[in-house]
Every structure is written in structure tokens, then in C-alpha cells.
Amino acid sequence: THCVSGCVCPHNQVLDGKGGCIAPEDCPCVHNENSYSPGESIRVGCNNCTCRNRKWHCSKEPCLETCSVYGDGHYTTFDGKRFDFEGDCEYVLIQNYCGQQGMNQGTFRVITENIPCGTTGTTCSKSIKVFLEVSTFFSMFDGHSDVIQRAPGGKMPFQIRSMGIYLVVDTTVGLILMWDKKTSIFIKLSPHFQEHVCGLCGNYDGNGNNDFTTRSQSVVGNVLEFANSWKVSSSCPNAKRMKDPCTANPYRKAWAQKQCSIITSQVFAKCHSQVEPNEYYQACVDDACACDTGGDCECLCTAVAAYAQACNELDICVSWRTPSICPLFCDYYN
């Protein structure tokens, strides 16, 4: 229906923004700056949302939250707290026995081993150890996994499968682990573990401000004090703050900035409003400068893939790889 009298709509109708008039219940809903007609549905996290009467009506299923670790010690906790930490040791990423009362009641622990991956003091996560229930332990390193100890009766509390470039571990305790067989780790955890976990991935209580909780259960403001408290062996030296890798390798800075600019470019435009790109861009530049002993393109691609994965968590899928930028061969997908 066209508007009348200088774009004034008839009674019980509203302007549609295109010079026409529609009933209020026919107005679209907006998500990620896109408009959706009444009756259309979208996926947000693990829930379905339907447009109805200008509002989104969503299911309320509890979703698994994600903790990520990638590249040169870039961490994002379950509660969305981002920090960088470079330590050459084994560290507890997540466990569900915290404090005095829960020390003997835990069902899982995930440990990452960080090793040097450049001459500037940078470290990368190269292996993962997972302890499940009472007697199951397996490790993942160099692109494959080994079961070190089996559960009684031979029934394993986990399954390992491939999904694209990731090795995915599905456990029976509510923990899912995704590993790119290199330096990226994504841990998804069931909501029933909220406020019952600890480690570098935080306490999963919905509040990122208290994620720097040490092994002794004290909340601190210093990243090094927090992260060093979660080293597995007390004989490991405490990590110290490293200098900026682009300052140490200034000849790499221009190349790093140019290559990493894909994150802030139009390629990821539809994700920028949902996932802040600048922190991922800076992490990418740091990694591209730091990887000066070979594998520099791998460090770059891992950093860009981390941003793509964060977008994908919000159901924003971006096809960013090309034959000239971080290509993947068909074998990875089959």
C-alpha cells in the first residue's frame, strides 16, 4: 500500500522505509544489520530465533561456551576475557576440581604444553594432555593422538573424530575439545559446569572480571601472577613479560600488517559488528612478527582462522581462504 498525503499512512499502518505502508505485524526484524521478514528463522548460538511482531522469539536452550587458545599465547576465557601469556611450561587450561573441597571430586583436566616457536621468546601450545574420570589419559601432539591409559573394562569415555581441519574430542562428561593439529585449541563446556571449573580458561561464571583466579582461589589483576599459578610443575621458571616481537623484528612489521589486514577488511565485514576485529588483528601482527624461525605463514593463517572461528561461533560463516591466502587442499575436508 502506498502512503498518502505526503507519506502519512492510513490508520493502523506504518511506513516500511521504502515509501510504502504495512501493518505493524508485517515489519521485519533485524540481526547483524540484516532484515528478516515475519516468520523467518535464524540460528543464534545453539538456539533458533523466529521473527514475529517485529521481535525475535528465541528458544532458550543452554549453550556450550568456548575457551580458546591460539598462536603466540592468545587466550579467551569462557566468560570472554582476552589476555596474552607466554610461558615455557605445562599449564592447566581447565579442570573441575578447584579449592579444598573439590580436590578429590573432579572428572577432567586439560593441560597444554607451551614450547618456544621463535627467537623473540614467543611460545606456542604444541601438545595437549587430557585426563578423564579416574584412569583415562590421552595426549595429542604433532597432528595425532595417543591413548596412554585406558579405562577399566575397555569402554572409553570419549570419541575422537575429524571435522575439517580439526581433530574433535567428544567426551561423556560434557567437554568437547577441538584442535587444529597445530597451535589452536577450542574447549567447549556444558553449562552445568558453570562456577565449578578453574584454570587459564577462567571460572565460567558469566563474569569476565574475576577470571584471573589463581590456583589458591584468589582473584588478582596481574596476568603473570594468575597464569604462573597454573603451571603444572613448580620447578618450571615463572614466565616474565616479553618485548614486542615487531620491535624485535622490525623488518617483518610491514609484511605482518599487510597480511593481517584481511581481518579488518571487507572480507570479514559482516562479522565486524559482532566480533571486535582489532584485538584479533593486533594478535595476528604480533604472531606474524614473532614466527621468525620458519612457519611464518602458518602463524599468520592460524591467527586469521581464530577470528574466522569466533565469527563462526555466532553463525557468521566467512569464506576467507583463497588459493593465494592460506589455502586448504581437498584432503583436509574429506
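This structure is a prediction, so every number in the text was calculated from the model and none was measured.

### As for unusual backbone geometry
- Residues other than glycine seldom take positive phi values, yet Glu-195 does so here, at roughly 70 degrees.
- On the basis of relative accessible area, Glu-195 is assigned to the exposed category, the value being 61%.
- Although it is not a glycine, Asp-315 sits at a positive phi angle of roughly 60 degrees.
- In this structure, Asp-315 sits in the loop between helix H6 (296-313) and helix H7 (330-333).

### Regarding the sheet that holds strand E8 (residues 65-70)
- Read from one edge to the other, the open sheet built from seven strands follows the order E10-E9-E8-E19-E18-E17-E16, with strand pairing classed as antiparallel. The sheet is open, and its two borders are formed by strand E10 (82-84) and strand E16 (158-163), each paired with just one other strand. Sheet twist, expressed as the average angle between the axes of neighbouring strands with direction ignored, equals 15 degrees.
- Across three bridges, the pairing between strand E9 (residues 74-76) and E10 is antiparallel. Directly across from Thr-76, in E10, lies its bridge partner Arg-82.

### A closer look at the packing of aromatic side chains
- For the structure on display, the rule yields twelve aromatic pairs.
- Aromatic pair Tyr-75 and Phe-83: ring centres 4.9 Å apart, planes at 5 degrees, arrangement stacked.
- Among the aromatic side chains, those forming a connected cluster through ring pairs are Tyr-70, Phe-268, Tyr-280 and Tyr-307.
- Here the guanidinium or amino end of Lys-81 rests over the ring plane of Phe-212, the centre of that ring lying 5.2 Å away.
- Positioned above the aromatic ring of Tyr-280 is the side chain of Arg-82, whose terminal nitrogen or guanidinium carbon lies 4.2 Å from the ring centre.

### Points about the side chain of Asn-228
- Structurally, the position occupied by Asn-228 is in helix H1 (residues 223-228).
- In this structure Asn-228 comes out as buried when scored by relative accessible area, which is 10%.
- A polar contact of 2.9 Å, which involves the side chain of Asn-228, links it to the backbone nitrogen of Ala-239.
- Among all residues touching Asn-228, those that are not within four sequence positions of it are Phe-85, Asn-238 and Ala-239.

### Focus: the state of the cysteines
- Tallied over the full model, the rule gives ten disulfides.
- A disulfide bridge connects Cys-246 with Cys-289, and the sulfur atoms are separated by 2.1 Å. The S-S bond linking Cys-246 to Cys-289 shows a torsion near 90 degrees; that makes this disulfide right-handed. In this pair, Cys-246 sits in helix H2 (residues 245-248) while Cys-289 sits in helix H5 (residues 277-290), placing the two residues 43 residues apart along the sequence. Per residue, the accessibility class of Cys-246 equals that of Cys-289, and both read buried.
- The thiol sulfur of Cys-27 is not disulfide-bonded, and the nearest other cysteine sulfur, from Cys-29, lies at 9.0 Å.
- For Cys-27, a relative accessible area of 12% gives the class buried.
- In this structure Cys-317 is not part of a disulfide, and its nearest cysteine sulfur, from Cys-311, lies 9.6 Å away.

Basis of the calculations
- Residues numbered from 1 in each chain as written.
- Predicted model: local features only at pLDDT ≥ 70, side-chain atom pairs only at ≥ 80, totals over all residues.
- Heavy atoms only, no water.
- Buried < 20%, exposed > 50% of the residue type's maximum accessible area, 1.4 Å probe, protein only.
- Helix = DSSP H or I, 4+ residues; strand = E, 2+ residues; numbered from the N terminus.
- Pairing = 2+ DSSP bridges.
- Axes fitted to C-alpha atoms, helices over the stretch in contact; angles between N-to-C directions.
- Phe/Tyr/Trp six-rings, centres within 6.5 Å; stacked < 30°, edge-to-face > 60°.
- Lys NZ or Arg CZ within 6 Å of the ring centre and 35° of its normal.
- Polar contact = N/O pair within 3.5 Å; in protein donor to acceptor, adjacent residues only side chain to side chain.
- Contact = heavy atoms within 4.5 Å.
- Disulfide = S-S within 2.5 Å.

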